[in-house]
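If you want the building blocks of each chain, they are given just below.
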Amino acid sequence: MTAILPTHDFNSSSLEFAVDDAHFAYERVAALQGLTLEIRAGERIALLGANGSGKSTLLRLMDGLLFPSKGTVRFRGAALTEDALENDAFSHSFRRRVGLVFQNPDAQLFNPTVFDEVAFGPLQLGWSREEILERVHATLAWIGAEHLKDRAPYRLSGGEKKRVAIASVLVIDPDVLLLDEPTAALDPRSQSQVVELLESWNDGRKTIVSATHQLDIVSEIAERAVVMERGSVVADATSAEVLEDMDLLEAANLIQRRRRAPRLPARVSL
Amino acid sequence: MSKGVIAKTLHEFTDALERTLVSEDSAHGHGLLQSLDPRVKLVGLLALVVAASLSRKLSVLGVLFALGIVLALASRLSPFSLARTVWLVAFGFTCMIAGPAVFLVPGQVLYQLPQGSLAISEQGLHGALLLIVRVETAMTLSALLVLTTPWMQLLKALRALAAPVEVIALLAMTHRYIVLLMETANAMFESRQSRMVGRLNGREQRRLMVNTGGVLLGKTMEMGNQVFQAMQSRGFRGEVKLLTDFRLRTQDYVAIPGFAIAVAAAILAGR
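Residues numbered from 1 in each chain as written. Chains lettered and ligands numbered in written order. Predicted model: local features only at pLDDT ≥ 70, side-chain atom pairs only at ≥ 80, totals over all residues.

Caption draft 1: Spotlight on the sheet that holds strand β4 (residues 70–75) of chain A. All names here are of chain A. The antiparallel open sheet is built from four strands, whose spatial order is β2-β1-β4-β5. The open sheet has two free edges, formed respectively by β2 (29–40) and β5 (78–79), since each of these has just one partner strand. With nine bridges joining them, strand β1 (residues 15–26) and β2 adopt antiparallel strand pairing. Opposite Tyr 26, over in β2, you have Val 29 as the bridge partner. (Pairing = 2+ DSSP bridges. Helix = DSSP H or I, 4+ residues; strand = E, 2+ residues; numbered from the N terminus.)

Printed below as a string of structure tokens:
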């Protein structure tokens, strides 16, 4: 790999992320309230929680895009702070190792063509031209999107956008992949394509953290499930154990056992 | 269902904006300006814009405008497309500004209006014409730059000419983000249209515009944050990096003195 930028040496501990008593609030609305979590290298974890439980905020903290108002977030022992990420060597090394796929692909796809989109990350990391061309072509072929390379990302279908968004992060082959609702708003075929993509990328050494409230994909994308509610962890166990605990899932607003839909109000006569 | 004025205008605005911002097709074409190094093109065309702004003679502005049309044709850009997206818009706005000067600037009366004391003066007409042609010329030359240069190359050229990193980061985000914002605005109006029976009166339309503006502002900030975070997440730190490195070629060495002569001649003749 031709990294021409300065690099930072992270320690080689098996502890990938350590989130300790993290607090975060948007304006006055608390998103994380004393969340503590440890993630080890090679783990595949699902962050489960209803809308507003703090999953997306946690992922942004782990990607060094937001910073806790109290508590710490550490990656391989190094605290993720604004000052640390202002440092070129630290930022370059961190971005090389951790990638985040956003929930809304429209926010993530901002280049004029699919090819430029996938090449964006490697270019920022200072890879050589030859290596970028080789990696981008290989990644596009892997996700079955070579025929889309000259298309404008905003003109793709929802499933294609999501696959390109994932490819634009996986092209740098990060050690840790953070995914925010990877299969949200996708049709069944696109959902299974995304899940297969993730399975084929992970060779057992990569760490994958997926935030989702879609329980049907959890057993396929994670061995460990962390349930979040109101910005803190309420359960942390194997995916099988969490998925069997109906009371826990219902309390976390992840399932609704009531079968009858509420009645619509009577039609108003004009 | 017939669309309201606001929704229709917005829809057309979105189309126009998309055509302009995502005009990568013409930017990747095989015309004269597309073949030039973006730095040469940027400096050359902007220098011509400055020359047009300094010129006080209609004849010089006319020649610069004609030069713009020749460059557009040589770059395989359709004059009809330019007329629709640039000339008509510039003409409309400039007329609004320059129109009153035709009557307000004192001088030799060319035509006295039948009623009232208003008269068209020669000096007022000349001043208004000068402004209109100047704006049309400057807009044409600027449009040539945007339509014949891929956006990221344009940003890289700006950076190469020492534009601040913050400005480049802002422009890089704006490119994608404006289209998204317009799409959102359009979707909001379409959603409103789909639930609306009949037409809104003027007051209701104004209220709708104000409400939509407020919601859009909120969405603007949210989407702006997300786009910037997505760029940061993949290592963006304000520098525009491209696979293609800028390199001056034969046509650039011909274009540099060509631009210099045109600019110098326009400034000297236009004084």
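Caption draft 2: The sheet that holds strand β6 (residues 98–101) of chain A, seen in detail. Residue and element names in this part refer to chain A. One open sheet holds the six strands; their spatial order is β6-β7-β8-β3-β9-β10, and the pairing between them is mixed. Taken across any chain shown, the strands that pair with only one partner, and hence form the sheet edges, are β6 and β10 (232–238). Strand-to-strand twist in this sheet, taken as the mean axis angle between neighbours without regard to direction, amounts to 15 degrees. (Axes fitted to C-alpha atoms, helices over the stretch in contact; angles between N-to-C directions.)

Caption draft 3: Local environment of unusual backbone geometry. Residue and element names in this part refer to chain A. With a phi angle near 45 degrees, Arg 76 is a residue other than glycine that sits in the positive phi range. With respect to the helices and strands, Arg 76 occurs in the loop between β4 and β5. Note on Arg 76: 22 C-beta atoms within 10 Å, which makes it buried. In this structure, Glu 181 takes a positive phi of about 45 degrees despite not being glycine. With respect to the helices, strands and loops of the structure, Glu 181 is situated in the loop between β7 (176–180) and α8 (188–201). Judged by the 21 C-beta atoms lying within 10 Å of it, Glu 181 falls in the buried class. (Buried ≥ 20, exposed ≤ 12 C-beta atoms within 10 Å, placed from the backbone.)

Caption draft 4: Seen up close, the pairing of β1(A). Residue and element names in this part refer to chain A. Taken together, β1 and the strand that follows it, β2, pair antiparallel across an intervening segment of two residues, in which Glu 27 is found at a positive phi of about 50 degrees. Bridge analysis of β1 against β4 gives five bridges, and the strand direction is antiparallel. Looking at β4, one finds that His 23 is bridged to Lys 70.

Caption draft 5: Looking closely at the packing of helix α5 (residues 114–124) of chain A against helix α7 (residues 158–170) of chain A. Residues and elements named next belong to chain A. Running from amino to carboxyl end, α5 crosses α7 at an angle of 35 degrees, the nearest separation of the two axes being 7 Å. The interaxial crossing formed by α5 with α7 has right-handed handedness. Facing Val 114, Glu 117, Val 118, Phe 120 and Gly 121 of α5, the residues of α7 in contact are Val 164, Ala 167, Ser 168 and Val 169. The residue makeup of the contact of α5 with α7, split by class, is six nonpolar, two polar and one charged. (Left-handed = near helix turned anticlockwise from the far one by under 90°. Contact = placed C-beta atoms within 7 Å. Nonpolar A, V, L, I, M, F, W, Y, C, P; charged D, E, K, R; others polar.)

Caption draft 6: Quick look at the confidence of the model for chain B. Residue and element names in this part refer to chain B. Averaged over all residues, the pLDDT of chain B is 82; the fraction at 70 or higher stands at 88%. Element-level pLDDT for chain B is lowest in helix α1 (residues 5–21), with a mean of 60, against a maximum mean of 94 in helix α4 (residues 58–74). Two summary scores accompany this predicted model of the complex, namely pTM at 0.72 and ipTM at 0.83. (pLDDT = per-residue confidence, 0-100.)

Caption draft 7: Geometry of the packing of α5(A) against helix α6 (residues 129–142) of chain A. All names here are of chain A. Here α5 crosses α6 at 130 degrees, and the two axes come no closer than 10 Å. Taken together, the axes of α5 and α6 are oblique relative to one another. The handedness of the crossing between α5 and α6 comes out as right-handed. On α6, the residues that touch Phe 115, Val 118, Ala 119, Pro 122 and Leu 123 of α5 are Ile 132, Arg 135, Val 136, Thr 139 and Leu 140. Here the contact of α5 with α6 is built from residues that sort into eight nonpolar, one polar and one charged. (Parallel < 35°, antiparallel > 145°, perpendicular 65-115°, else oblique.)

Caption draft 8: Spotlight on the interface of chain A and chain B. Contact residues are listed per partner, giving 24 residues for chain A and 22 residues for chain B. For the side of chain A that touches chain B, the secondary-structure elements that each account for two or more residues are α3 (88–97), α4 (105–108), α5 and α6 of chain A. Among the elements that line the side of chain A that touches chain B, the one with the most residues is α5(A), at five residues. In terms of residue class, the side of chain A that touches chain B is made up of 13 nonpolar, six polar and five charged.

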